[in-house]
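Tertiary structure, described
These are the residues of each chain, in order.
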Amino acid sequence: MYREREYDVVVAGAGPAGTHTALRLGRLGWRVALIDRCEFPRKKPCGEFLSPACLPLLEEVGLLEDVLASGAARVRGMDIVTSGHRARGDYRSMGTYSPPRAGGIGIRREVLDHQAVEAARTEPNITVLLGWRVSGPVSGPEGRTIGLSVIDPEGKRVLLRSRFVVGADGLHSRVARGLGWTGKYPGPARFAIVARFEGVDRRKEAEVHIVGGNYFAACPIDDGLFTANLVVDGNRLPKGSSELEPFFQHHLQEAPLLAERLAGAHLSDPLLTCGPLRSENRRCTGPGAALVGDACGFVDPLTGEGLYFAMRGASMLASALDRALADPAREPSALRRYDRDRRRDFAPRYALARLLQRGLQRPGVPDRVVGALERIPALCDLLLGLTGDYLPARGLLSPGVWRSAIQHERPAPRNLFRSLPDGQ
Ligand SMILES: Cc1cc2nc3c(=O)[nH]c(=O)nc-3n(C[C@H](O)[C@H](O)[C@H](O)COP(=O)(O)OP(=O)(O)OC[C@H]3O[C@@H](n4cnc5c(N)ncnc54)[C@H](O)[C@@H]3O)c2cc1C
């Protein structure tokens, strides 16, 4: 026997995609239920790097000040390292494109996500239900999604009826599965081991260290901490949790510059694992339902853009739903527009992430590419502009962008790392 509640919109998942969607819709006057199976603050395996374009999106929902005040680390650029080369790029203006607020930031997800949930709690139109688990979407007689079936913290089944259901429940979304929208992802099954260290020298750069077909992505975060993820093929991941740390340490030796930086540091938290890091959906919208963030599909986190996709997607979806809720006859066109906006903004970024991912798997390619980025730093800045989400792919057609990338005067090269060991 169902208990029932009724809202304009039910949002499944209180990560960045869900909270930003809820905050935007709640402030437009719609009655929103935001549900998550976890209590907050909760940990989420992540590189914890927010690309420059995330900052204005945080500002739009009123979260930026608190995030910065909680000590988020500023990230001005990125070092990309292979066994033979190291390239350095900066987040900087090129032509008419500038990184908002001069760069990205690093912050623990338990801080970032908790602040967003707390902001949602203070909104009179938003009901936050934590410790509630989604079972699946519920369809009406004509196939329209009419709500979400959920299990409350006492284990009772509840039907959250709504005019619209938003699946923001992340990688391997239950809402997407329940709607029958999941497809097959052609890429390899990758897994991540996420480590957090204290006692690492502070720098203002994120880092990617490519080792064989695998990589470490690392970033300074708040509270003087440093996050380092190892992303590897799933079939190489050890089975027992006691083997994770030796496995991580073993791979670290293949990235000597990172190993050197972490030499005097120690783990501040237990290692987390996560994967398989792949999913692709056949669609993201339908009558009465839409997906946002990782629930739409997931690309390997190599370029560190997932949080941007989540927050920017939430902004696009909230506008579409506002139109659809105000005038139900406009729902199909509002959802088509959401699909179109996502494709226009995200498809080139997904394509670049997949291209880099494929290159990573080809022996010799990462070294040649990073060698080129090292020789021509302007190319590295352009790559950072693209993956920092403030330089659109069409910006590469602008001569002004190339001119300012190439003519940029650089400070004398700093000794980013001590020299590579002999033969590396
Ligand atoms: C190893 C790794 C490193 C990454 N590094 C970066 C990085 O440095 N920068 C970057 O921008 N992106 C990074 N990403 C990607 C980024 O973490 C995601 O893109 C981002 O978290 C997506 O936000 P979301 O709100 O869509 O999903 P999530 O943050 O995953 O939130 C989904 C929420 O849904 C809830 N949920 C799930 N199932 C249910 C259920 N059945 N019932 C109720 N609630 C449910 C979960 O508890 C969760 O709170 C990384 C990802 C991984 C795996």
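Report on the accompanying structure.

1. Brief notes about the environment of Q357
Structurally, Q357 is set in helix α9 (residues 331-361). Overall, Q357 belongs to the buried group, its relative accessible area being 10%. Once the C-alpha coordinates of Q357 and P246 are considered, the two residues, 111 residues apart in sequence, prove to be 25 Å apart. In this structure, Q357 is in contact with R190, Y215, D300 and L302, ignoring residues within four places of it in sequence. Within the local environment of Q357, its side chain forms a polar contact with the side chain of Q361, the two groups lying 3.2 Å apart.

2. Here's the deal with the site of the ligand
Around the ligand sit 37 residues, and of these D36, G47, F49, D294 and L307 come closest. Side-chain polar atom of D36 to an oxygen atom of the ligand: 2.6 Å apart, as the coordinates give it. A distance of 3.2 Å is found between an oxygen atom of the ligand and a backbone nitrogen or oxygen belonging to G304. Bound to the protein, the ligand loses 95% of the 1,000 Å² it would expose on its own.

3. What to know about the sheet that holds strand β4 (residues 73-75)
What the three strands build is an open sheet, ordered β3-β7-β4; its pairing is antiparallel. This sheet does not close on itself; its edge strands, each paired only once, are β3 (49-50) and β4. Here β3 pairs with strand β7 (residues 104-106) via two bridges, running antiparallel. Paired with F49 across the two strands is G106, which belongs to β7.

4. Points about the side chain of E48
For E48, the location among the structural elements is in the loop between β2 (32-36) and β3. Reaching out from E48, the side chain makes a polar contact with the side chain of T227 at a distance of 2.7 Å. Excluding its chain neighbours within four sequence positions, the residues that come into contact with E48 are I105, G106, I107, R108, R109, E110, R196, C219, I221 and T227.

5. Description of the environment of G240
Among the secondary structure elements, G240 is positioned in the loop between β15 (225-233) and α6 (244-252). Here the alpha-carbon distance between G240 and A72, two residues 168 residues apart in the chain, equals 33 Å.

6. Re the side chain of R349
With respect to the helices, strands and loops of the structure, R349 is situated in helix α9. A polar contact of 2.8 Å, which involves the side chain of R349, links it to the backbone oxygen of L386. A distance of 3.3 Å separates polar atoms of two side chains, one belonging to R349 and the other to D389. Aside from chain neighbours lying at most four places away, what touches R349 is E305, Y308, F309, L386, D389, L391 and P392.

7. Comments concerning a positive patch on the surface
Together, R37, R133, R157, R174 and R177 make up a positively charged patch on the protein surface. Within the secondary structure, R157 is located in strand β11 (residues 157-167).

Reading guide: rules and limits
Residues numbered from 1 in each chain as written. Predicted model: local features only at pLDDT ≥ 70, side-chain atom pairs only at ≥ 80, totals over all residues. Heavy atoms only, no water. Helix = DSSP H or I, 4+ residues; strand = E, 2+ residues; numbered from the N terminus. Buried < 20%, exposed > 50% of the residue type's maximum accessible area, 1.4 Å probe, protein only. Contact = heavy atoms within 4.5 Å. Polar contact = N/O pair within 3.5 Å; in protein donor to acceptor, adjacent residues only side chain to side chain. Near = heavy atom within 4 Å. Areas by Shrake-Rupley, 256 points an atom, 1.4 Å probe, with all protein chains shown as cover. Pairing = 2+ DSSP bridges. Patch = residues over 30% accessible without salt bridge, like charges linked within 9 Å, V, L, I, M, F, W, Y side chains within 5 Å. Salt bridge = Lys/Arg side-chain N within 4 Å of Asp/Glu carboxyl O. Lys, Arg positive; Asp, Glu negative; His and termini not counted. Charge placed at Lys NZ, Arg CZ, Asp CG, Glu CD.

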